[in-house]
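Here are the chains, one letter per residue:
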Amino acid sequence: GSMNGISITDGREKYGGCLNMDGARRLTIENSMFQNCVADHSGGALYIKGATSVILKNVKFNLNSAIKYGGGVAMSASGQIKIESSAFTSNVAYNGGAISIIPNGFGEMREATDEEEEEARQKMTLKTTTFISNKATNWISSAETLTIRRNDGGAVFLYETNAVIENCYFNDQSAKRYGGALF
């Protein structure tokens, strides 16, 4: 699917407070804005799972939050990911205040060969994108979040992801544990 010039504010959902794209094969979003959205699990503004190609270009993510992963964007089991000329401002999540990219079944016990793990690894290119005042922290208090002891990646939380980061600006990122800007 392709979206251009959309603006979504004040959304709330378990996955993808503004937009849930679970199962989309190819996704391009350009010249758009997601603001003040909340996910009760992951992807404060945008949740993407299973896509083979994701392009986010000139997209603004402001004041979004998620209880677990990706205050701005959470992606899982996506192939090629390209984020370019975008801005993430004041987003909050338990891990990855702005962006969280995790493998499908993250946290589950499984065994795989080295070749399977490398082939399944997501690939992300992050270019000319700004990150201002994003945080990985406990923004709510509940028994569930207190059992998870992370708070990593104030701006970006990457796990099993091959990443190229070029000409990006990170200012005032914070994490309670590791990786004030990147984990």
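Scroll up to find the structure.
Cut-off values and rules
Residue numbers restart at each chain and count upward from 1, following the sequence in its written direction. The model is predicted, so local features are restricted to residues of pLDDT at least 70 and side-chain atom pairs to those at 80 or more, both for listing and for counting; the totals for chains, interfaces and linings are taken over all residues. Neither water nor hydrogens contribute to the side-chain values; these are computed over all heavy atoms in the structure. Being paired, for any two strands, means DSSP has found at least two bridges between them. Secondary structure elements are taken from DSSP: a helix is a run of H or I of four residues or more, a strand is a run of E of two residues or more, and numbering for both begins at the N terminus. Fitted lines through C-alpha atoms serve as axes, helices being fitted only where they are in contact, and the angles separating the N-to-C directions of these axes extend from 0 to 180 degrees. Think of a salt bridge as a Lys or Arg side-chain nitrogen and an Asp or Glu carboxyl oxygen that are within 4 Å of each other. Burial classification: accessible surface area is computed with a 1.4 Å probe over protein chains only, and a residue below 20% of its type maximum counts as buried, one above 50% as exposed, and the rest as partly exposed. In what follows, a contact means two residues having at least one pair of non-hydrogen atoms within 4.5 Å. Only Phe, Tyr and Trp rings are paired, with Trp represented by its six-membered ring, and only when their centres lie within 6.5 Å; those with planes under 30 degrees apart are stacked, over 60 edge-to-face, the remainder tilted.

K.L.:
What should I look at first to understand the sheet that holds strand β4 (residues 19–22) in this one?
P.N.:
As a general point, the strands of a sheet are linked pairwise by backbone hydrogen bonds and lie either parallel or antiparallel. Taken together, 5 strands build an open sheet; the order of strands is β4-β7-β10-β14-β18 and the sheet is parallel. Of all strands in the sheet, those with a lone pairing partner are β4 and β18 (156–158), marking the two edges. Within this sheet the neighbouring strands show an average axis-to-axis angle of 5°, counted without direction. Pairing between strand β7 (residues 46–49) and strand β10 (residues 73–76): 4 bridges, direction parallel. By the bridge assignment for β10, lysine 49 is matched with serine 76.

K.L.:
Mind showing me how you'd approach the pattern of salt bridges here?
P.N.:
Pairing of side chains with opposite charge becomes possible as their charged atoms draw close. Per the stated rule, a full pass over the model turns up 2 salt bridges. Between arginine 12 and aspartate 40 there is a salt bridge, with its nearest N and O atoms 2.5 Å apart. Taken together, the residues arginine 12 in strand β3 (residues 12–15) and aspartate 40 in strand β6 (residues 38–42) connect sequence positions 28 residues apart. The class for arginine 12 is exposed, based on a relative accessible area of 55%. Residue classification places aspartate 40 among the partly exposed residues on the basis of a relative accessible area of 32%. We note a salt bridge from lysine 82 to glutamate 84, for which the minimum N-O separation is 3.3 Å.

K.L.:
Any chance you could explain the pairing of strand β11 (residues 80–84) here in plain terms?
P.N.:
Residues in a regular strand point their side chains to alternate faces of the sheet. Bridge count for strand β8 (residues 53–62) against β11 is 5 bridges, and the pairing is parallel. Counted as the bridge partner of serine 53 is glutamine 80 from β11. Examined bridge by bridge, β11 and strand β15 (residues 122–127) share 5 bridges and lie parallel to one another. In the strand pairing of β15, lysine 82 is matched with threonine 125.

K.L.:
Explanation requested: the side chain of asparagine 62 in the structure shown.
P.N.:
Along the chain, asparagine 62 turns up in strand β8. Not counting residues up to four positions away in its chain, the partners in contact with asparagine 62 are Met33, Phe34, Gln35, Asn36, Thr89 and Asn91.

K.L.:
Even after reading the chapter, I still don't get the packing of aromatic side chains, so can you show me in this structure?
P.N.:
Remark: the centre distance and the inter-plane angle together describe each pair of aromatic rings, the angle taken between the planes. Tallied over the full model, the rule gives 7 aromatic pairs. Ring centres of phenylalanine 88 and phenylalanine 131 lie 5.2 Å apart, and the angle between their planes is 5°; this geometry places the pair in the stacked category. Remark: phenylalanine 131 occurs in strand β16 (residues 130–132) and phenylalanine 88 occurs in strand β12 (residues 87–89); sequence separation between them is 43 residues. Judged by relative accessible area, which is 0%, phenylalanine 131 ranks as buried. By the ring-pair criterion, three or more aromatic residues cluster together here, those being Phe34, Phe61, Phe88, Phe131 and Phe170.

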